[in-house]
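# Structural overview
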Amino acid sequence: LRTIDFDFDIKHIVQFIDSQRRDDNYVNVDLIKEATRLLPELNFVHTGKSGYYTGHCIVFPLRKNIYKKLRNKEITNKDLRASDLVDYNLLEQPIFYRYDITGDCNDTIFYVMAHFFRFFRDLQNKDYIMCGYTERDDNYQVNLQIGLKFVWEDKALQKELNLDAPPRFFEGDFKGFLSDSN
């Protein structure tokens, strides 16, 4: 695991995200670059023993007004800009937006998620919000088990994109989950 080296890694990240999404306008490279600058601990790539890219974690530290707009469906991922991000250490209640976490296999996801959860376990300010948007149906129960709740789902978009599950916006924290793991 290592922090995203933007110039070197962005082509792999874009390719990986584009292969997973049905929307070719999903990736905003300026946004990822700023997130990596502000929050290098949660913007990282995983490479295999041979050095090849195998997965990544991208998390945005959001301004509160932007979080509220996402939560209220006033904007979508496509509307996010680098100026919407903030140094989370300056906030009374940091807000982290899980943009994309992926891996090429279950082993990769294990390493990526372990690093992700360690950040929140060791975070000094436990009064944070973790939020995000997902179109995947296979993580619904897992999200509930780790302390997240679903705020809304979009059945119209599910039909439009021909998805198995409706896209959902989630939020919460990992305090209960991480305290159980100690």
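Definitions and limits used
- Residues numbered from 1 in each chain as written.
- Predicted model: local features only at pLDDT ≥ 70, side-chain atom pairs only at ≥ 80, totals over all residues.
- Heavy atoms only, no water.
- Salt bridge = Lys/Arg side-chain N within 4 Å of Asp/Glu carboxyl O.
- Helix = DSSP H or I, 4+ residues; strand = E, 2+ residues; numbered from the N terminus.
- Buried < 20%, exposed > 50% of the residue type's maximum accessible area, 1.4 Å probe, protein only.
- Core = buried A, V, L, I, M, F, W, Y, C linked by side-chain atoms within 4.5 Å.
- Contact = heavy atoms within 4.5 Å.
- Patch = residues over 30% accessible without salt bridge, like charges linked within 9 Å, V, L, I, M, F, W, Y side chains within 5 Å.
- Areas by Shrake-Rupley, 256 points an atom, 1.4 Å probe, with all protein chains shown as cover.
- Polar contact = N/O pair within 3.5 Å; in protein donor to acceptor, adjacent residues only side chain to side chain.
- Pairing = 2+ DSSP bridges.

## Describing the pattern of salt bridges
Taken as a whole, this structure holds nine salt bridges when the rule is applied. In this structure, Glu171 engages Arg71 in a salt bridge whose closest nitrogen and oxygen atoms are separated by 2.8 Å. Residue Glu171 is located in strand S7 (residues 168–172), and its partner Arg71 is located in helix H3 (residues 64–71); the two are separated by 100 residues in the primary sequence. Classification of Glu171 by relative accessible area gives buried; the value is 8%. Across the salt bridge formed by Arg121 and Asp122, the nearest N and O atoms sit 2.8 Å from each other. Residue Arg121 is classed as partly exposed on the basis of its relative accessible area, which comes to 41%. Each of Arg71, Lys149 and Glu171 takes part in one network of salt bridges that share partners.

## Focus: the nonpolar core
When a protein is soluble and globular, its nonpolar side chains tend to lie buried together. Membership of the largest hydrophobic core comes to 30 residues, with the highest contact counts inside it found for Ile13, Ile32, Phe60, Leu62, Leu80 and Tyr97. Going through the elements one at a time, helix H1 (6–20), helix H2 (29–38), strand S3 (53–61), H3, strand S4 (95–103) and strand S5 (129–134) are the ones with two or more residues in this core. No other element matches H1, which puts five residues into this core. Leave out the neighbours within four places in its chain, and Ile13 touches Ile4, Ile32, Val45, Tyr53, His56 and Ile58.

## So, a nonpolar patch on the surface
A cluster of nonpolar side chains, contributed by Leu1, Phe110 and Tyr111, occupies part of the molecular surface with about 350 Å² of accessible area. For Leu1, the position within the fold is in the segment before strand S1 (2–3). The class of Leu1 is partly exposed, set by a relative accessible area of 46%.

## Section: the side chain of Asn43
Residue position: Asn43 is located in the loop between H2 and strand S2 (44–47). Taking the relative accessible area as the measure of exposure, Asn43 reaches 0% and is therefore buried. Of the polar contacts made by the side chain of Asn43, one reaches the backbone oxygen of Ala35; its length is 3.2 Å. For Asn43, the side chain forms a polar contact with the main-chain oxygen of Leu39, separated by 2.8 Å.

## So, the pairing of S2
On a regular strand, each side chain points to the face opposite its neighbour's, so the side chains alternate between the two faces of the sheet. Across two bridges, the pairing between S1 and S2 is antiparallel. Note on S2: the bridge partner recorded for Arg2 is Val45. Bridge count between S2 and S3: four bridges; the pairing is antiparallel. Its bridge partner lying in S3, Thr47 is registered against Tyr53. Between S2 and the antiparallel strand that follows it, S3, lie five residues; Gly51 among them carries a positive phi value of about 95 degrees.

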